[in-house]
Amino acid sequence: MKLSPRDAGKFFTHPDTSRSGILIFGPDAMRVALKRQDLVKALIGPEGANEMRLTRMSGADLRRDPAALDDALKAQGFFPGQRVVLVEEATDGLAKLMQSALAEWREGDAMIVATAGQLNTRSALRKAFEADRRALAAAIYTDPASRDEIEAELAKAGLRDIPGPVLNDLMALGRALDPGDFRQTLEKLALYKGSDEAPLSAEDITAVAPQDSDADLDEVVHLVAEGSVQALGDAMQKLGSQGANPTSLCISLMRHFRLLYMAAADSQGPDAALSRARPPVFGPRKDRMARQARAWGANRLEPVLGLITDTDLMLRSPRPLPAMALVERLFIRIAMQHKH
C-alpha cells in the first residue's frame, strides 16, 4: 500500500514491525539514503549490524542469485530481535521476485527494506509493494523539508529550546541545503555548542554553516557596499597578491548587489527578503546586509548593477585588457557612490 509523506515520517522513526517490507524511492539518492538509514536504525538499533541482524545486498546481487533473498528472509541468527534485509538499487527487473517474497513472508521473517531511484506509476516494482496489503511504498520527494522534519532533525542532533528567531534561521537553512549537508551542519552545531548552556544564537549557526565564498573576498564586497574606500585599497591589494581572478571578483560583487537590490525593493523590508533568499542570509551577515540595503535604496542600486554588468562584459571581451585594474576601478567607483 502507499505510504503518505506525513505517515512516512512517523514510520521511518517508529516503524510497524508487522510489515513485510517497504520500498523507499525517489529522484534524490541522498534523501532516499537518509530515510533508509533512519528506518534501519529504528528497526534494529545501533548494534543490529554488529549482531548480524542486517543483511545487505544490491539489486545486481539478486539478479545473479535470486534465491539469496528468500534465504536471508528466513535465516535465524544468534541474537534475538528484529532482522532486516536491505536491498539497494532495486529495479523493475526484481518486481516478480519481490512480489513472490512479499506473498510468502511470514511473521518472524526479516523485513525487506528496498531502495530505488525515481519510479513512475507504471513501475512494476512499485506496484508489487503497493498491491501487497502487508507492504508499503514510500515516495521521497525533493520538496523543501517541512517544519516537522526540520524539528525532528534538530531534536535528533540534541538541539532543543531554540529561540524563535534562531529557529526561523535554521528552518530557512534547512530548506536551502541538501538534506545530507543540513544533517551534518546540525551535528557540527551540536558539537560546537557542547556543554555551553547559553541559548543557541545566529552567531553559532554562522560559525558552522557551509560557506559559499572565500572570507577575504566576502569582506571586500562588504567594504564596497559600505563605502569603506580607505580600507578597500588594502583589501584589494591583498586579494591581488593571492591571485584572485578578476572575473570571479566581478561575479561575487554582482551576486551581492543583486541581493541588496532584492532586499531594498522588497515590500516587507530587507530583513524578510534576506531570510527568504536562497541560500538564506542570517545572523550578523543579515544585519550587515540589511543596513547596506537601507543605506543604498533600490533606486540607487539599480544603476550600480548596470556598472557591474558593463565591467563584466568588458572582462569577457576577447580584447587584451588590464582586467584587475578594471575591477579595482569598479570597486572603488561604487564605494565612492555610497555616501553621495
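For the structure given in this document, a descriptive report is provided here. Computed from a predicted structure; not experimentally measured. (Residues numbered from 1 in each chain as written. Predicted model: local features only at pLDDT ≥ 70, side-chain atom pairs only at ≥ 80, totals over all residues. Heavy atoms only, no water.)

### Details of the overall build of the protein
Of the regular secondary structure elements, the protein holds 17 helices and six strands. Since a compact globule built from 340 residues should have a radius of gyration of about 20 Å, the 27 Å found for the protein marks it as more spread out than a globular shape. With respect to the principal axes defined by its C-alpha atoms, the protein has extents near 80 × 55 × 40 Å. Looking at the protein as a whole, 46% of its 340 residues qualify as buried. (Helix = DSSP H or I, 4+ residues; strand = E, 2+ residues; numbered from the N terminus. Rg over C-alpha atoms; globule rule 2.2 N^0.38 Å. Buried < 20%, exposed > 50% of the residue type's maximum accessible area, 1.4 Å probe, protein only.)

### Description of the packing of helix 1 (residues 5-13) against helix 2 (residues 29-44)
Between helix 1 and helix 2, the shortest axis-to-axis distance is 7 Å and the interhelical angle comes to 45 degrees. Here helix 2 runs oblique to helix 1, going by the angle between their axes. Along its contact with helix 1, which presents Phe11, Phe12 and Thr13, the element helix 2 presents Lys35, Asp38, Leu39 and Ala42. Considered class by class, the residues forming the contact of helix 1 with helix 2 number four nonpolar, one polar and two charged. (Axes fitted to C-alpha atoms, helices over the stretch in contact; angles between N-to-C directions. Parallel < 35°, antiparallel > 145°, perpendicular 65-115°, else oblique. Contact = heavy atoms within 4.5 Å. Nonpolar A, V, L, I, M, F, W, Y, C, P; charged D, E, K, R; others polar.)

### Observations concerning the sheet that holds strand 1 (residues 2-3)
Spatial strand order, 1-6-2-5-4-3: six strands in an open sheet with parallel pairing. For this open sheet the edge positions go to strand 1 and strand 3 (54-58), each flanked by a neighbour on one side alone. Sheet topology places strand 2 (residues 21-25) next to strand 5 (residues 111-116); five bridges connect them, and they run parallel. Considered in strand 5, the bridge of Ile22 is made with Val113. Contacting strand 1, strand 2, strand 5 and strand 6 (135-139), helix 6 (residues 124-131) crosses the sheet at an angle of about 140 degrees to strand 2. (Pairing = 2+ DSSP bridges.)

### Details of the pairing of strand 2
The element strand 2 is largely enclosed, with a buried count of five among its five residues. Neither face of strand 2 is exposed, since Gly21, Leu23 and Phe25 on one face and Ile22 and Ile24 on the opposite face are all buried. Bridge count for strand 2 against strand 6 is five bridges, and the pairing is parallel. Along strand 6, the bridge assignment pairs Phe25 with Ala139.

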